[in-house]
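# A look at the structure
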Amino acid sequence: MADIQTFKQENRVFAPPAEFVKNATVSGMDAYNALCAEAERDYEGFWARLARENLQWKKPFSKTLNESNAPFYKWFEDGQINVSYNCLDVNLENGNADKTAVIFESDDAKVTRVTYRELHKKVCHFANGLKSLGVKKGDRVVIYMPMSVEGVAAMQACARIGATHSVVFGGFSAKSLQERVIDAGAVAVITADYQVRGGKQLPLKSIVDEAIAMGGCDTLKNVVVYKRAGADINWVEGRDLWLHDVVANQSDICEPEWVDAEHPLFILYTSGSTGKPKGVQHASGGYLLWAVLTMKWTFDIKPNDIYWCTADIGWITGHTYIAYGPLAVGATQIVFEGVPTYPNAGRFWDMVQRHKATIFYTAPTAIRSLIKAADADEKIHPKQYDLSSLRLLGSVGEPINPEAWMWYYKNIGNEKCPIVDTFWQTETGGHMISPLPGATLQVPGSCTLPLPGITAAIVDETGNDLPNGTGGILVVKRPWPSMIRTIWNDPERFKKSYFPEEFGGKVYLAGDGAIRNKDTGNFTITGRIDDVLNVSGHRMGTMEIESALVANPIVAEAAVVGKPDETTGESICAFVVLKRPRPTGDEAKAIAKELRDWVAKEIGPIAKPKEIRFGDNLPKTRSGKIMRRLLRVLAKGEDITQDISTLENPAILDQLKEAQ
Ligand code: WT7
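An unreviewed UniProt entry lists the chain under the name Acetyl-coenzyme A synthetase, from Herbaspirillum rhizosphaerae. Quoted straight from UniProt, the Sequence similarities (unreviewed entry) entry for the chain says "Belongs to the ATP-dependent AMP-binding enzyme family."

Structure below.
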């Protein structure tokens, strides 16, 4: 979706309001520069100071960073900590016990408030319940839950007993779930009977049943089911347990399991450039440190804020900026079960108004679809709502185009709220490049400058630094505390994907292209440089979708590319060769639908190709390599003006021009 031209020409600049600067945690560019200078002067000292000041350690660390087995870096390794203790118990001790931790709003707008004391109790019950099932430190637990207090509590309960969770987004299919349960070697799955979204009940437990029935989940002992909707579900005696039974009669106290700082807090699967998703493994101490610091620096969180991150706990944003960060800083946050368009597309604005949200963090794709909706229907236009409680807006997941940025700034922020366009990834654990709201001059479409301590840079294919104004490959030159530790079960892939030898094996390769402004040094992300698509802020591997397609018995070959899309940023376009003659007309439409449904079953509805085109073949070089760059041009509906002299079968291009 990278529209470098508009980014380059962007010269509107927005300074943070004076009032904001005055009260900000990082107040003014001098404060930002001072933190950067401190990190540069004494990198380890900088992180050690912050880790001591911002976290409660059971056993203090004496060693900050261990680089001896790079790129398997270790942070604070001889320190002992518990993440759940830092998110809950700490708040009972510092006067937040009766403060609201979570304002939960269900799909049908029922509001439940949970204080820190209540959440602590809930998590202790949950943690003791898991222990009673035999779940122990180091075990893996898969969480396949709707947005709920119970979902957050499940993650916290795992953290409390030292079990490593792996949350699987509720939109993933049985097959995807099964693969993750097997790869993680999970001993338990925590799920719900149903999830309720947009007025509809969508099954979760039956998908878990289906996943287990596919076989291979040999490590799995129990399925714990939270009763959300109360409708009938299938039950396997001895394996399946209701959450309310598991937590009944459990003690209000669960001593936290103190773990080494490097103990794996969670594994979160994400798409890469091969067919198999990667289990991104995060540590405990370093991860939590960055969650806390970015809550303070990027979100400028204050005791009276009503903070709302609209992400799902199934993604990294929902981990760092719902399940952990806000709790670790004692914030009050909104957790929302539903979707932005139900009962109408004014839902977000209605909720901001009713709950008097002060900080609002969402994805460009949501903003773009709500712009469209507001244009189409005056009644749900944000001007109909009182959004004056807002003081800070955030954006995450994909590049935000300058026009969407401007709309967000004017219509939601009333030209008084800074916007933090936060660039980061599942692998980075937290924000990497982002304005600090009380310091940085914001430029629409640019994520501006690296956070203090983050050594982001732009290099060429051989790892050499590029000057500002020249686009290149985004890297991070030094390890940072919340970075990915390894890929679960696949350390070699970890090295190859993120610390490739071509770049010297020591710099972290983000997988994105970027360019820095000649004068300001501001970063603009130009999009993925690998075979990864970003659809509505969801990361999808083209190979993953291709593997799903060719797994269908009627498909001979498939190639998937991204196509720029006004609302979703990118959309999925699949070029398919069948084992039978190329279909046309109604037959092609019917087969396209069949294949879309097939992909939804193989991966999940989010991976459904928007377009499917059939050919007798795919454009290939003489050596048989698929020429994806040509497919990208065709997907856009543009004429091919590029050099096609290496193309063996030029006639195929005409066939692939039209979508079904
Ligand atoms: C990829 C990471 C970050 C949490 C949610 C997505 C893209 C993310 C931005 C941004 C431009 C962005 C990148 C990145 N991305 N934020 N502010 N501006 N691009 O996490 O699923 O791991 O995806 O999302 O391409 O590599 P993820």
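What follows concerns the packing of aromatic side chains. Remark: the centre distance and the inter-plane angle together describe each pair of aromatic rings, the angle taken between the planes. In this structure the tally under the stated criterion is 40 aromatic pairs. Each ring, one from Trp75 and one from Phe76, has its centre 5.6 Å from the other, and the planes form 50°; the classification is tilted. By the burial criterion, Trp75 is buried, and Phe76 matches it. Ring plane angle 55° and centroid distance 6.0 Å describe the contact between Phe494 and Tyr498, whose orientation is recorded as tilted. Linking Phe494 with Tyr498, this pair stays in helix H16 (residues 491–498), spanning 4 residues, or about one helical turn. By relative accessible area, which is 3% here, Tyr498 ends up buried. Through pairs of rings, three or more aromatic residues link up here, namely Tyr43, Phe46, Trp47, Trp57, Phe61, Trp75, Phe76, Trp290 and Trp297. Over the ring of Phe172 we find Arg180; its NZ or CZ atom is 4.5 Å from the centre of that ring.

Counted residue by residue, helix H8 (residues 174–184) has 8 buried out of 11 residues, so it is predominantly covered. Those residues of H8 not exposed but buried are Ala174, Ser176, Leu177, Gln178, Arg180, Val181, Asp183 and Ala184. In this structure, the buried side of H8 is in contact with strand S6 (140–144), strand S8 (188–192), helix H9 (205–213), strand S14 (266–270) and helix H18 (585–602). Gly185 occupies a position one or two residues after H8 and carries a positive phi of about 65°.

With that out of the way, let us pick up the UniProt feature "domain: Acetyl-coenzyme A synthetase N-terminal" (unreviewed entry) in the chain. According to UniProt, the positions carrying the feature "domain: Acetyl-coenzyme A synthetase N-terminal" (unreviewed entry) are residues 32–87. Helix makes up 48% of residues 32–87 and strand 11%. Its end C-alpha atoms lie 26 Å apart.

With that settled, consider the pairing of strand S25 (residues 523–528). The side chains of a regular strand alternate, residue by residue, between the two faces of the sheet. Burial of S25 is extensive: 5 of the 6 residues sit out of reach of the surface. Here strand S24 (residues 508–516) pairs with S25 via 5 bridges, running antiparallel. Looking across to S25, one finds that Ile515 is bridged to Thr524. The turn joining S24 and S25, which pair antiparallel and follow one another in sequence, is formed by 6 residues; a positive phi near 75° is taken by Gly521.

This part covers the site of the ligand. Around the ligand, 17 residues are found, and the nearest of them are Asp421, Thr426, Asp512, Arg528 and Arg539. Contacts to the ligand include Glu398, whose backbone N or O atom sits 3.4 Å from a nitrogen atom. Take Asp512: an N or O atom from its side chain is 2.4 Å from an oxygen atom of the ligand. For the ligand, whose unbound accessible area comes to 550 Å², protein coverage reaches 95%. Elements that contribute at least two residues to the shell around the ligand include exactly helix H12 (316–328), strand S20 (419–422) and S25. The residue inventory of the shell around the ligand, partitioned by class, reads 6 nonpolar, 6 polar and 5 charged.

With that settled, the discussion passes to the sheet that holds strand S21 (residues 456–459). Pairing is antiparallel across the open sheet formed by 4 strands, whose spatial order is S21-S22-S24-S25. Two strands in the sheet have a free side with no partner beyond their single neighbour: S21 and S25. Each neighbouring strand pair of the sheet contributes to a mean axis angle of 45°, computed without reference to strand direction. Where S21 and strand S22 (residues 472–476) come together, 4 bridges link them in antiparallel fashion. Opposite Ile458, over in S22, you have Leu474 as the bridge partner.

Parameters at a glance
- Residues numbered from 1 in each chain as written.
- Predicted model: local features only at pLDDT ≥ 70, side-chain atom pairs only at ≥ 80, totals over all residues.
- Heavy atoms only, no water.
- UniProt positions renumbered as here; feature names shortened; annotations may be inferred.
- Phe/Tyr/Trp six-rings, centres within 6.5 Å; stacked < 30°, edge-to-face > 60°.
- Buried < 20%, exposed > 50% of the residue type's maximum accessible area, 1.4 Å probe, protein only.
- Helix = DSSP H or I, 4+ residues; strand = E, 2+ residues; numbered from the N terminus.
- Lys NZ or Arg CZ within 6 Å of the ring centre and 35° of its normal.
- Contact = heavy atoms within 4.5 Å.
- Pairing = 2+ DSSP bridges.
- Near = heavy atom within 4 Å.
- Polar contact = N/O pair within 3.5 Å; in protein donor to acceptor, adjacent residues only side chain to side chain.
- Areas by Shrake-Rupley, 256 points an atom, 1.4 Å probe, with all protein chains shown as cover.
- Nonpolar A, V, L, I, M, F, W, Y, C, P; charged D, E, K, R; others polar.
- Axes fitted to C-alpha atoms, helices over the stretch in contact; angles between N-to-C directions.

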